[in-house]
Protein chains: 2
Amino acid sequence: VTPEAWLDANEDAALKTLKAFCAIPSVSTDPAYATDMANAAAFLASHLTAIGLDHAIVRPTDGHSIVTADWLHAPGAPTILVYAHYDVQPPDPLALWESPPFTATIRNDRLYGRGVSDDKGPMMVALTAIAARIATNTLSVNLKLLIEGEEECGSRNLNLFVADHAALLAADWVLSADGARWRADLPTTTVASRGLCALEVTVKGADRDLHSGRYGGMVANPVAVLARLLAGLHDDAGGIAVPGFMDGITAAISLDDVPFDEAAQAATLGASALTGEAGYSALQRNWLRPTLEFNGIWGGYAGPGSKTVIPAVAGAKITCRLVPGQEPERVAKLIATDLRRRIPHGVMPGVTVDVTIEDHEAMPYAIPDDHAGLALAEAVVAEIEGRTPLRVRMGATLPMCDILRRRLGIDTVMFSFSTADEDYHAPNEFFRLSSWRTGLRAWVTLLGRAGPGRTAS
Amino acid sequence: VTPEAWLDANEDAALKTLKAFCAIPSVSTDPAYATDMANAAAFLASHLTAIGLDHAIVRPTDGHSIVTADWLHAPGAPTILVYAHYDVQPPDPLALWESPPFTATIRNDRLYGRGVSDDKGPMMVALTAIAARIATNTLSVNLKLLIEGEEECGSRNLNLFVADHAALLAADWVLSADGARWRADLPTTTVASRGLCALEVTVKGADRDLHSGRYGGMVANPVAVLARLLAGLHDDAGGIAVPGFMDGITAAISLDDVPFDEAAQAATLGASALTGEAGYSALQRNWLRPTLEFNGIWGGYAGPGSKTVIPAVAGAKITCRLVPGQEPERVAKLIATDLRRRIPHGVMPGVTVDVTIEDHEAMPYAIPDDHAGLALAEAVVAEIEGRTPLRVRMGATLPMCDILRRRLGIDTVMFSFSTADEDYHAPNEFFRLSSWRTGLRAWVTLLGRAGPGRTAS
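Conventions used here
- Residues numbered from 1 in each chain as written.
- Chains lettered and ligands numbered in written order.
- Predicted model: local features only at pLDDT ≥ 70, side-chain atom pairs only at ≥ 80, totals over all residues.
- Heavy atoms only, no water.
- Helix = DSSP H or I, 4+ residues; strand = E, 2+ residues; numbered from the N terminus.
- Rg over C-alpha atoms; globule rule 2.2 N^0.38 Å.
- Buried < 20%, exposed > 50% of the residue type's maximum accessible area, 1.4 Å probe, protein only.
- Contact = heavy atoms within 4.5 Å.
- Areas by Shrake-Rupley, 256 points an atom, 1.4 Å probe, with all protein chains shown as cover.
- Lys, Arg positive; Asp, Glu negative; His and termini not counted.
- Charge placed at Lys NZ, Arg CZ, Asp CG, Glu CD.
- Pairing = 2+ DSSP bridges.
- Axes fitted to C-alpha atoms, helices over the stretch in contact; angles between N-to-C directions.
- Salt bridge = Lys/Arg side-chain N within 4 Å of Asp/Glu carboxyl O.
- Phe/Tyr/Trp six-rings, centres within 6.5 Å; stacked < 30°, edge-to-face > 60°.
- Core = buried A, V, L, I, M, F, W, Y, C linked by side-chain atoms within 4.5 Å.
- Least-squares fit on C-alpha atoms with pLDDT ≥ 70 in both.
- Polar contact = N/O pair within 3.5 Å; in protein donor to acceptor, adjacent residues only side chain to side chain.
- Buried area = accessible area lost by both parts, 1.4 Å probe.
- Nonpolar A, V, L, I, M, F, W, Y, C, P; charged D, E, K, R; others polar.
- pLDDT = per-residue confidence, 0-100.
- Parallel < 35°, antiparallel > 145°, perpendicular 65-115°, else oblique.
- Left-handed = near helix turned anticlockwise from the far one by under 90°.

K.L.:
Let's hear about the overall build of chain A: which residues, and what values?
P.N.:
In terms of helices and strands, chain A carries twelve helices and 18 strands. Whereas a compact globule of 457 residues would reach a radius of gyration of roughly 23 Å, chain A reaches 25 Å, a difference of no more than 12%. Judged by the C-alpha coordinates and their principal axes, chain A covers about 85 × 45 × 45 Å. Considering chain A as a whole, with its 457 residues, one finds that 58% of them fall into the buried category. Within chain A, contacts between residues separated by at least 24 positions form 79% of all contacts whose residues are at least 6 apart in sequence. With the model as given, the accessible surface of chain A reaches about 16,900 Å², and the carbon-plus-sulfur share is 51%. Looking at chain A, you have 38 positive and 53 negative side-chain charges, and the mean spots of the two groups are 3 Å apart.

The structure is reproduced here in C-alpha cells:
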C-alpha cells in the first residue's frame, strides 16, 4: 500500500484524533489549566507511540513539559527535527464563539475550535504524514520530534531545554509545523522573522498624587517628562531617532514583486491609511525595517470627568522589532542610554527616571537563501499546489528559530499549512480542511524526498 | 450678657452640635449617600432656625440642595452674605483612620473626623458667632446665609442657583467660612485664587489593538502621536509653549516678603526639589503664574510583563490653572488650536485626534486690595491674634468667588479658621480646637463691627 492510499483510508480517523486532541483545553498562560496541559502532553506522547515513533517522553521543565520522540531507523540518512507546540491561547471572550471552543466543529469545510489552526491542526498534519510513512515502511529519513507547551507564553523554558538536550535534539535541519502562511490566496514560504527587545520607563515625581492647584507650578509633572522622553525617540518624519539604532542594518530589498494592497489592508484594520517610516512600502516596513513601538502608557487619573492631580508617577512600555544586523541587548541599551541622556535634570530636578531592560528578547532570524531543506519544501509545494511558493518574511517574532540555530547550529524550514487569517488568538479560530488535505499530501511527499542524497544541512 | 460671655457659656454645647453634624456622612460625590445629604441639609435648616435666623429653607437644585436663611432686622445697615458648604469628601481609605471618620473625636486639642476642617467646623464657628450676637441682641448688620452641598464636586449647580436667586442673595459683600488658611504658624488672609480650564485629547489609530509584530511598521502608534502632541505644549525650559497662552497676564509681583522654605516644602512632598517655569520662585509659580498640567494619560497595556500591542487609542487629561488676565474658554481654545495645528496629518495619515474642551472651568479671582470688608477682617485678626495677617494667594480654584462677583457684583472675604495642613480630603482630617476658639472670637468681633458706617461694598 502506498502512503497516499494509506492517507485516503486513514484521513478521517486522523481528523477524529485531532478533534479529541482539541477537546483538551491546553491553555498554557493560565494556571487554572495546569491539569489540562499535563493531559495534553500525555495524550500526545501516547499518540506519538501509537503511530510508531520511539521514545515518546514527556519531559518536565520549570514550566510546561516538552514532549520528544524519535524514529532513527535510516542509518546514513539525514535527521530532521520536527517542531510543533501543543499549547493554545485562552478561549476568551467565550460569548463570541459560534460553537464551543473546545468542541472542534466542522462548518463550510472548515474546522472551528481553539487551537485548530495554532497549532494542533498543522501538528496533526505532520504526525499523520509521519504515520503514513511509518505504516507503509516508506520512511527513509531519520526523525526527531520537539513539541513544546509554552509557545503561547514566550517559549520561556525552550532555550535552556535545548541547551541541556543538545545531543538528544541534534539534527540536520528543522521542519516546523508551526508558523502560519501569509495568505489564503497565494502559496508562500516564510523565510525570515523579526527579533524583539523590550524596555519599561518609569518617571517619578512627588511621593503621592498632588492637588494641581495647591502644588501646580511647584513640582515637575511626570507625564510631561515622560511625553518629552518618548517623543524624542522618533524624529519628525516618524523614523527612529535613537543614535546607533540603525547601525548594521543592510539596505532593504525591493518587495515590488510581492502582491500587496495597502488600501485593502488599512481597511481591514479600520485605519484610514497605512503609515510609517518614510521611503519604504508598508511591506518593507513590516518585514525588513525595525520598529520602536509604545505598547502602553499610564499615569494619573484615567476615569470619567476630571481629577485635578499632578500624577506621582507615569510609565510606558516599549518594544522593538529587530531585523538582521541588530542584536536585542545592544539595541535595548542604545534606547536606555538615549532616554537617560535626555532626562531633563536641569529643568526638572524633582523627578527620577528609571529605565529597565526587560527579560524578553529574541534575535531576528532568516534562513539562508540556498538552504537545501527550503528548496525541497518549495519544490514539494510547487508540485502539490501547482504553483511555486513565494518567499515571504514576517514582521512577528519566532524565538524558536534563533534558539535552535544558536544551540544546535541548524536552520528552520517553515512548513505549516495554517493561514494567518484563521483567527488564531481570537474567537472562532478555524483551520481550512482544504489546507488539512493539501498539508497531508505535502508532508507525505516531503518526507519521501528528504532521504539520503536529497538534502544537506 | 455680652456675646463673649454667651460664648463662654455655650461653646461646649456648640461643639456638641458640631459633633452631631459631623456624624451625618454628607458625601456629595457618591450617590450612595443621597439620604445622608438630605439629612444634613435638614439638620442644618433646623439649626439655623434654632439659633434665631429666619426663613431657613432647603432649596432643591438639579444636584444637592442649597440651604438659605437670613436675619434682616438692622434697617439701614449693610448686608453680609455668609457662605459655607455642608458636603464633605468621601472617607476612603477607611483603614487609615485612627478613629471612625463620622465619629468626631478629640485628641491632643484637635477634633478628628471627616468634614471637621472642610467645612463643618469653620461653618459652625460662623453659626455659633451669629448665635451669640442674636442671643445677646447685639447683631447690628443684616445677614444672609448661602450654604451649598456641592462644593466637593465642583459647585455645579451654584452658578445657575445664584442667577435664579439674585434678589434673594443680594448683599454688600460675602464673608466665607470656607477657604483654609495657608499655614498654622502665620495668620494669613487669602486674597486671590487661580482659575481653571480642562481639556481631553484622544488619539485613535486602528479599530483594535494590533499585534506589534504582524502590523508594526504599517500603522501609526497613537501613544507616539500623543506623546509628541503633549511634549509640544511646553518648551525645553518647562515653560508653556502654546501661542497666546500668556497674553494678558501682568508681570508677577515679588513675594520675597512671604516666608517660604522651598527645600522644606519639597521634603514634605517626597520630591528631591521644587521645579517649574524659569525665572520665578516656587511661590510665584504657584500663586501668580498659570500652569498646564497633565492629570492623566492612558493607552494600551499597563499590566505586568509585556504585551506586544500597538494600542488602538491613547488619551490624556489636561487642566490649566489660570491667573488674572486669562479667561478659561479662550485659553482652552488656544490649547485646542495648538494641538490640532500640530496633528501630524502628513506623517501619520492613519490617526485621528479628538480634542475636547471640558465643561469644567472657573475664572481666576482676586478681591480688590482696598475692599473694606477685607480691611475689617484684617483688623479683627490683628486684634484677636496679635499680629496683622499676611495677604496671601492660593494656587487652587474657588469657583464660588467668581460666580458671586459675576452674578451679584460683590466680592468675597475669606474668613475661615481652618488650616491647609489639616488633612482635609485625606484620612484623619482634623480641626485645631485652638482655631475653633480663635475663630469664634474673631467672628463675634467682626459681626460686631460690620454695622452701619463701618464698611462699604
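Let's pick the thread back up.
K.L.:
A description of the sheet that holds strand β5 (residues 110-112) of chain B should follow, citing residues and the corresponding values.
P.N.:
Working definition: the strands of a sheet are paired by backbone hydrogen bonds and lie parallel or antiparallel to each other. All names here are of chain B. Strands sit in the order β4-β5-β18 across an open sheet of three strands; the sheet is antiparallel. Strand pairing shows two members of the sheet lacking a second neighbour, β4 (105-107) and β18 (430-432), which therefore form its edges. The average angle at which neighbouring strand axes cross in this sheet is 30°, direction not considered. As defined by bridge partners, β5 adjoins β18 across three bridges and the pair is classed as antiparallel. Looking across to β18, one finds that Y112 is bridged to F430. Where helix α12 (residues 433-449) meets the sheet, it contacts β4, β5 and β18, and its direction lies at approximately 55° from that of β18.

K.L.:
How would you explain the pattern of salt bridges if you had to name every residue and give the values?
P.N.:
All names here are of chain A. Evaluated as defined, the whole model comprises 42 salt bridges over all chains. With its nearest N and O atoms 2.9 Å apart, the salt bridge here joins D8 to R441. Of this pair, D8 sits in helix α1 (residues 3-22) while R441 sits in helix α12 (residues 433-449), and the two are 433 residues apart along the sequence. Here R107 and E98 are joined by a salt bridge, their closest N and O atoms 3.8 Å apart. Owing to a relative accessible area of 63%, E98 belongs among the exposed residues under this scheme.

K.L.:
So, the packing of aromatic side chains: which residues are in play, and what are the values?
P.N.:
Summed over the entire model, instances satisfying the criterion amount to twelve aromatic pairs over all chains. With 5.0 Å between their ring centres and 70° between their planes, W182 of chain A and W287 of chain A make a pair best called edge-to-face. Separated by 105 residues along the polypeptide, W182 of chain A in the loop between β7 (173-176) and β8 (188-193) and W287 of chain A in helix α8 (residues 282-287) bring together distant segments of the chain. A residue is classified by how much of its surface remains accessible, and W182 of chain A, at 19% relative accessible area, is buried. Judged by centre distance (5.7 Å) and plane angle (45°), the ring pair of Y112 of chain B and F430 of chain B falls under tilted. Taken as a pair, Y112 of chain B in strand β5 and F430 of chain B in strand β18 lie far apart in primary sequence, 318 residues in all.

K.L.:
How would you explain the nonpolar core if you had to name every residue and give the values?
P.N.:
Residues Y86, L143, L145, F415, W436 and W443 of chain B are the most contacted members of the largest nonpolar core, which totals 87 residues. When residues in this core are grouped by element, the largest group, eleven residues, is from helix α3 (residues 116-135) of chain B. Look past the residues within four positions of L143 of chain B in its chain and what remains in contact with it is D70, W71, L72, I80, V82, I130 and L447 of chain B. The next biggest cluster of nonpolar side chains, apart from the first, holds 85 residues, and it includes A40, L53, M414 and L433 of chain A.

K.L.:
If you had to explain the sheet that holds strand β3 (residues 79-85) of chain B to someone new, which residues and values would you point to?
P.N.:
All names here are of chain B. With respect to topology, six strands assemble into an open sheet ordered β1-β2-β6-β3-β7-β17, the strand pairing being mixed. Each edge of the open sheet carries a strand with a single partner, namely β1 (54-59) and β17 (412-414). Between one strand and the next, the sheet's axes are offset by a mean angle of 20°, whatever the strand orientation. Inspection of the sheet shows strand β7 (residues 173-176) paired to β17 by three bridges, in the parallel sense. From the neighbouring strand, S176 faces β17, where its bridge partner is M414. Packed on one face of the sheet, helix α11 (residues 399-408) meets β3, β6 (142-148), β7 and β17 and runs near 155° to β17.

K.L.:
Break down the relation of the copies chain A and chain B for me, citing the residues and quoting the values.
P.N.:
Superposition of the two copies of the chain requires a rotation about an axis together with a shift along that axis. Aligned on chain B, chain A shows an RMSD of 0.2 Å; the corresponding rotation is 180° and the shift along the axis is 0.2 Å. Those values place the two copies in the arrangement expected of a two-fold rotation axis. By residue overlap, the copies meet face to face through one surface: 100% of the interface positions of chain A are interface positions in chain B.

K.L.:
Any details on unusual backbone geometry? Residues and values, ideally.
P.N.:
The omega angle of the peptide bond from D118 of chain A to D119 of chain A is 10°, so this bond is cis rather than trans. Mapped onto the elements, D119 of chain A comes out in helix α3 (residues 116-135). Look at the link from D92 of chain B to P93 of chain B: it is a cis peptide, with omega at -5°. With respect to the helices and strands, P93 of chain B occurs in the loop between β3 and β4. Not every positive phi belongs to a glycine, and D423 of chain B is a case in point at roughly 55°. Looking at where D423 of chain B falls in the secondary structure, it is placed in the loop between β17 and β18.

K.L.:
Tell me about the side chain of T319 of chain B, residues and numbers included.
P.N.:
Note on placement: T319 of chain B falls in strand β13 (residues 313-322). Residue classification places T319 of chain B among the buried positions, given a relative accessible area of 2%. In terms of polar contacts, T319 of chain B uses its side chain to reach the side chain of N295 of chain B, at 2.8 Å. In contact with T319 of chain B, other than residues within four places in its own chain, are S212 and T308 of chain A together with L196, C197, A198, T291, L292, E293 and N295 of chain B.

K.L.:
Any chance you could break down the interface of chain A and chain B for me, citing the residues and the numbers?
P.N.:
In many analyses, interface size is given as the accessible surface area lost on bringing the parts together. Contact residues are listed per partner, giving 76 residues for chain A and 76 residues for chain B. Both faces combined, the contact of chain A with chain B buries some 6,100 Å², and carbon together with sulfur accounts for 55% of it. Of all residues in chain A, M218, L269 and T275 of chain A give up the largest surface area on contact with chain B, accounting jointly for 12% of the area buried on that side. Applying the counting criterion to the chain A and chain B interface returns two salt bridges. One salt bridge in this structure joins R228 of chain A and D236 of chain B, with 2.3 Å as the shortest N-O distance. Secondary structure elements with two or more residues in the side of chain A that touches chain B: β10 (210-211), α6 (222-231), α7 (262-269), α8, β11 (291-300), β12 (309-310) and β13 (313-322) of chain A. Residue classes in the side of chain A that touches chain B are distributed as 35 nonpolar, 29 polar and twelve charged. Where β11 of chain A meets strand β11 (residues 291-300) of chain B, five bridges bridge the pair, whose relative direction is antiparallel. If you follow G300 of chain A over to β11 of chain B, its bridge partner there is G296 of chain B.

K.L.:
So what about the pairing of strand β9 (residues 195-204) of chain A? Which residues, and what values?
P.N.:
Residue and element names in this part refer to chain A. Where burial is concerned, most of β9 is hidden: nine out of the ten residues are buried. Note that β9 and β13 share ten bridges and pair antiparallel. Within β13, the residue paired with L196 across the bridge is R321. Across six bridges, the pairing between β9 and strand β14 (residues 352-357) is antiparallel. In the sheet register, V203 faces β14, and the bridge partner there is V353.

K.L.:
How would you sum up the confidence of the model for chain A? Please name residues and give values.
P.N.:
Of all residues in chain A, 99% have pLDDT values of 70 or greater, and the mean over the chain is 94. For this predicted complex, the interface confidence comes out at an ipTM of 0.90, alongside a pTM of 0.89.

K.L.:
If you had to explain the packing of helix α1 (residues 3-22) of chain B against α12 of chain B to someone new, which residues and values would you point to?
P.N.:
All names here are of chain B. Close contact between α1 and α12 brings their axes to 11 Å; oriented N to C, the two are set at 135°. The pairing of α1 with α12 is recorded here as oblique in orientation. Relative to α12, α1 is oriented so that their crossing is right-handed. Contact with α1, carried on its side by P3, E4, L7, D8, E11, A14, L15 and L18, involves L433, W436, R437, L440, R441 and V444 of α12 and no other residues of that element.

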